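Structure at a glance
Residue strings, one per chain:
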Amino acid sequence: MNRILLTITAAFLSIGAIAQSTWTVDNSHSNVNFTVTHLVVSEVQGKFKTYDGKVVSKTDDFNGAQIDFSVDINSINTDDEGRDKHLRSEDFFNAEKFPKLIFKSTDFKKLDAKNYKLTGDLTVRGVTKKVTYDVTYGGTVKDPWGNTKAGFKLRGTLNRKDYGLNWSKTIEAGGLVVSDEVALLVNLELLKGK
């Protein structure tokens with residue numbers, strides 16, 4: 001009897017192992033972007049050029065998937081080297097001491113065929129906060145080379161001061177040089193492991 005139970009348990013474990021898929025970020029078809037308001041009247045856009053991510057899913061629809069994602073702070077690019085240097089400095093990210101932005105999901109919930117709610121722990125500059133973002137699923141396809149790809153888009157905001165990015169100046173009219181709120185737009189194309 002014990003042998004039969006062990007055999008059944010092993011069969012279920014092997015089925016679970018087969019069903020689990022690991023996906024990695026295809027960096028050449030993805031981007032990590034942000035926007036801040038400058039002087040109250042305009043917006044400055046930027047991006048991170050170097051990032052890495054992994055998604056482990058037990059289902060084809062990604063419901064409940066585990067997501068790990070990191071960004072190299074030194075890869076920040078706002079098309080202005082002086083500004084990028086300032087953003088890497090102690091006034092903002094302090095990239096020398098805290099070189100990575102790290103996200104680890106705690107829940108990835110499917111709401112309908114295209115929409116998900118992503119919750120997890122975001123660590124910036126050594127400060128970890130729980131965040132929740134809306135994610136849109138673009139679908140899953142096979143590319144011409146036989147690779148399986150999936151696409152997702154994340155939109156959301158964060159308050160930079162929650163993470164110790166406190167530098168600020170007030171302009172004559174009373175507004176801030178740089179807004180506290182940062183808008184995020186992350187487009188990810190994932191590659192399924194074979």
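Report on the accompanying structure. (Residues numbered from 1 in each chain as written. Predicted model: local features only at pLDDT ≥ 70, side-chain atom pairs only at ≥ 80, totals over all residues. Heavy atoms only, no water.)

Turning our attention to the packing of aromatic side chains. Inspection of every chain in the model, using the stated rule, returns 11 aromatic pairs. Seen from their ring centres, F48 and F93 are 6.1 Å apart, and the 80 degrees between their planes marks the pair as edge-to-face. Highlighted residues: F48 in strand β3 (residues 42-48) and F93 in the loop between α2 (81-88) and β7 (100-110), separated in sequence by 45 residues. One exposure class covers both F48 and F93, and it is buried. On the numbers, 6.1 Å between centres and 80 degrees between planes, the contact of Y116 with F152 is edge-to-face. (Phe/Tyr/Trp six-rings, centres within 6.5 Å; stacked < 30°, edge-to-face > 60°. Helix = DSSP H or I, 4+ residues; strand = E, 2+ residues; numbered from the N terminus. Buried < 20%, exposed > 50% of the residue type's maximum accessible area, 1.4 Å probe, protein only.)

This next bit is on the pattern of salt bridges. If you walk through the whole model with that rule in mind, you get 11 salt bridges. The shortest N-O distance in the salt bridge between D121 and K130 comes to 3.3 Å. Taking the relative accessible area as the measure of exposure, D121 reaches 28% and is therefore partly exposed. Each of the salt bridges in this network shares a partner with another, and the network as a whole consists of D26, D143, K149 and E189. (Salt bridge = Lys/Arg side-chain N within 4 Å of Asp/Glu carboxyl O.)

So, about the layout of surface pockets. Of the voids in this model, the largest pocket is the one considered here, and its volume is about 860 Å³. Along the wall of the largest pocket there are 46 residues; nearest its centre are V32, N33, F48, L101 and L184. For the lining of the largest pocket, the residue count by class is 36 nonpolar, 5 polar and 5 charged. (1 Å grid on protein atoms, 1.4 Å probe; cavity = no way out; pocket = protein on both sides within 12 Å on 5 of 7 lines; lining within 4 Å. Points joined across faces, edges and corners; volume = space filled by probe spheres on them. Nonpolar A, V, L, I, M, F, W, Y, C, P; charged D, E, K, R; others polar.)

Moving on, we come to the nonpolar core. Judged by nonpolar contacts, the single largest core of 42 residues is most densely connected at F62, F93, F108 and L122. Broken down by element, the residue count for this core peaks at 5 residues, all from strand β11 (residues 178-192). (Core = buried A, V, L, I, M, F, W, Y, C linked by side-chain atoms within 4.5 Å.)

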